[in-house]
Amino acid sequence: ESAPPLRHIVFLRNPMDRYVSGILYQKFEVKKKKYSVDHVVQIIKEEVIGARKKNQYQDRILGYLLTPVQVDSLNKYLNQVNKMKSENCTIPD
């Protein structure tokens with residue numbers, strides 16, 4: 001019996017590597033800037049440490065891992081939660 005046809009391939013990367021890659025992409029590709037190696041290391045340290053202190057690291061990684069449809073659904077949910085919080089409503093678990 002032959003194997004079923006290949007449907008898809010999944011590539012997995014370390015989430016921190018993806019996060020740093022995203023930072024570098026924004027700095028170099030989007031903003032088209034040139035930096036020294038030392039400055040790049042400093043940027044990465046500031047971005048990663050700053051995001052972790054503000055609990056933004058998980059949110060940014062989540063953005064890389066979700067599909068656009070999932071991101072849209074999550075944003076709608078979070079908007080509803082924030083609205084309920086602002087109106088002092090009880091948020092169910």
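None of these values were measured; they are calculated from a predicted model.

Colleague: Any chance you could break down the environment of Gln70 for me, citing the residues and the numbers?
Modeller: Here Gln70 shows up in helix H4 (residues 68-86). Of the residues examined, Gln70 reaches a relative accessible area of 40% and is grouped as partly exposed. A distance of 2.8 Å separates a polar side-chain atom of Gln70 from the backbone nitrogen of Thr67.

Colleague: I'd love a proper account of the pattern of salt bridges, names of residues and values included.
Modeller: In this structure the tally under the stated criterion is one salt bridge. Between Asp72 and Lys76 there is a salt bridge whose closest N-O contact spans 3.4 Å. Highlighted residues: Asp72 and Lys76, both in helix H4, separated by four residues, approximately one helical turn. By relative accessible area, Asp72 is classed as partly exposed at 38%.

So, how was this worked out
- Residues numbered from 1 in each chain as written.
- Predicted model: local features only at pLDDT ≥ 70, side-chain atom pairs only at ≥ 80, totals over all residues.
- Heavy atoms only, no water.
- Helix = DSSP H or I, 4+ residues; strand = E, 2+ residues; numbered from the N terminus.
- Buried < 20%, exposed > 50% of the residue type's maximum accessible area, 1.4 Å probe, protein only.
- Polar contact = N/O pair within 3.5 Å; in protein donor to acceptor, adjacent residues only side chain to side chain.
- Salt bridge = Lys/Arg side-chain N within 4 Å of Asp/Glu carboxyl O.

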